[in-house]
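# Per-entry structural report
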There are 2 protein chains.
Amino acid sequence: MAQKPKSATDAVEILRRRTYDGKPERLKSLEETRANEEIARKIHELRAQAGLTQTQLGKLIGTTASVICRLEDADYEGHSLAMLRRIAAAMNQRVEIRFVPIRRSA
Amino acid sequence: MAQKPKSATDAVEILRRRTYDGKPERLKSLEETRANEEIARKIHELRAQAGLTQTQLGKLIGTTASVICRLEDADYEGHSLAMLRRIAAAMNQRVEIRFVPIRRSA
DNA sequence: TTGTGCTTTCGCAAAATTGCGAATAGAGTT
DNA sequence: AACTCTATTCGCAATTTTGCGAAAGCACAA
């Protein structure tokens, strides 16, 4: 419906190569690591803005301070949508998710 | 630093009550369910736009069609940041996450 | 009808995330 | 010094998400 239904297999191969070959994990180490740092920072910022301690925020979302601490650790790579939503909800916010096109080099 | 460091415990209690009491899971059933539906729809849309089948997209991110199908199911509640990123990356997009203030009734 | 391609559902094992207590560290106060 | 509050780190069990094959459904064409 969208495009040529057939011979799409080739295009998929090309896309796959473009995505995984060459830079198998480099992109994850750069762009994704950066994203994780940003999330950690945002959580910390949100909590600080509300004047809450980790223990207090933890209680608010039904968990402990060590969990909050982990979330605010810039090196933490396990961020989940579920947790972000819990944090957001406790702060009277919501998590907005958008897919935004990335510019391929120049 | 942000506000009165002491006697904040009371405020936390108030916030906790406001968040969990009264509507313990109702908010999750409404706002969160809606959010999940939207994510499912966005994934489907993204894939359709690229003219890919579930099998093709699955291969692209290193999984199978059944997984993609699950992601596009409006009733699916297990969406994760990790998976959204894989989808996005395969489509040459990135996942943008924002905390946005929610309006408290009137 | 058969066949083909795509999607959907189901079940369970594997992997990832969360829960949580305990211990440690740091800063500030008395 | 001791005391208090906060933050951080560690380890492991519990829960959640993912992987993946198999089977069935659906639409369309031959």
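Residues numbered from 1 in each chain as written. Chains lettered and ligands numbered in written order. Predicted model: local features only at pLDDT ≥ 70, side-chain atom pairs only at ≥ 80, totals over all residues. Heavy atoms only, no water.

### Things to note about the protein's contact with DNA strand D
- Neighbouring DNA strand D are 18 residues; A:Gln54, A:Ser66, B:Tyr76, B:Ser80 and B:Arg86 lie closest to it.
- The sugar-phosphate share of atoms of DNA strand D within 4 Å of the protein amounts to 67%.
- With respect to DNA strand D, the side chain of A:Gln54 contributes an N or O atom lying 2.7 Å from a phosphate oxygen.
- Within the side chain of B:Tyr76, an N or O atom sits 2.7 Å from a phosphate oxygen of DNA strand D.
- Examining the composition of the surface near DNA strand D, we find that three residues originate from one element, helix H4 (residues 65-72) of chain B, more than from any other.
- Classifying every residue of the surface near DNA strand D by side-chain character gives four nonpolar, nine polar and five charged. (Near = heavy atom within 4 Å. Polar contact = N/O pair within 3.5 Å; in protein donor to acceptor, adjacent residues only side chain to side chain. Helix = DSSP H or I, 4+ residues; strand = E, 2+ residues; numbered from the N terminus. Nonpolar A, V, L, I, M, F, W, Y, C, P; charged D, E, K, R; others polar.)

### Describing the protein's contact with DNA strand C
- The immediate surroundings of DNA strand C are formed by 18 residues, with A:Tyr76, A:Ser80, A:Arg86, B:Arg47 and B:Gln54 found nearest.
- Those atoms of DNA strand C that come within 4 Å of the protein belong to sugar or phosphate at a rate of 67%.
- In this structure, B:Gln54 approaches DNA strand C through a main-chain N or O atom, which is 2.7 Å from a phosphate oxygen.
- Among the elements that make up the surface near DNA strand C, the one with the highest residue count is helix H4 (residues 65-72) of chain A (three residues).
- Looking at the surface near DNA strand C residue by residue, the classes come out as four nonpolar, nine polar and five charged.

### Points about the pattern of salt bridges
- Throughout the structure, instances matching the rule amount to 11 salt bridges over all chains.
- Measuring nitrogen to oxygen at the nearest pair gives 3.5 Å for the salt bridge that ties A:Glu38 to A:Lys42. Highlighted residues: A:Glu38 and A:Lys42, both in helix H2 (residues 26-49), separated by four residues, approximately one helical turn.
- The partly exposed category is assigned to A:Glu38, whose relative accessible area is 30%.
- Because the salt bridges share partners, they merge into one network encompassing A:Arg94, A:Glu96 and B:Arg98. (Salt bridge = Lys/Arg side-chain N within 4 Å of Asp/Glu carboxyl O. Buried < 20%, exposed > 50% of the residue type's maximum accessible area, 1.4 Å probe, protein only.)

### What about the side chain of B:Gln93?
- As for its placement among the helices and strands, B:Gln93 is situated in strand E1 (residues 93-101).
- Overall, B:Gln93 belongs to the buried group, its relative accessible area being 17%.
- Discounting residues that sit within four places of it in the chain, B:Gln93 has contacts with A:Phe99, A:Val100, A:Pro101, A:Ile102, B:Leu46 and B:Ala88. (Contact = heavy atoms within 4.5 Å.)

### Comments concerning the nonpolar core
- A:Leu57 and B:Leu57 are the most contacted members of the largest nonpolar core, which has 40 residues in total.
- For B:Leu57, the contacting residues outside a window of four places in its chain are B:Arg47, B:Leu52, B:Ile68, B:Ile87, B:Ala90 and B:Met91. (Core = buried A, V, L, I, M, F, W, Y, C linked by side-chain atoms within 4.5 Å.)

### What to know about the packing of helix H3 (residues 54-61) of chain A against H4(A)
Residues and elements named next belong to chain A.
- At a minimum axis distance of 7 Å, the contact between H3 and H4 shows a crossing angle of 105°. Relative to H4, H3 is oriented roughly perpendicular. Between H3, through Gln54, Thr55, Leu57, Gly58 and Ile61, and H4, the contact on the second element is made entirely by Ala65, Ile68, Cys69 and Glu72.
- Grouping the constituent residues of the contact of H3 with H4 by class yields five nonpolar, three polar and one charged. (Axes fitted to C-alpha atoms, helices over the stretch in contact; angles between N-to-C directions. Parallel < 35°, antiparallel > 145°, perpendicular 65-115°, else oblique.)

### Thoughts on the confidence of the model for chain A
Residue and element names in this part refer to chain A.
- Summarising the model, chain A shows a mean pLDDT of 80, and 70% of its residues fall at 70 or more.
- Between the elements of chain A, mean pLDDT differs from a low of 53, seen in helix H1 (residues 8-20), to a high of 97, seen in H4.
- For residues 20-27, every residue scores under 50 in pLDDT, and the model assigns this stretch six contacts once sequence neighbours within four places are set aside. (pLDDT = per-residue confidence, 0-100.)

### Thoughts on H3(A)
- All of the buried residues in H3(A) are A:Gln56, A:Leu57, A:Gly58, A:Leu60 and A:Ile61.
- Immediately beyond the C-terminal end of H3(A), within one or two residues, lies A:Gly62, with a positive phi of roughly 80°.

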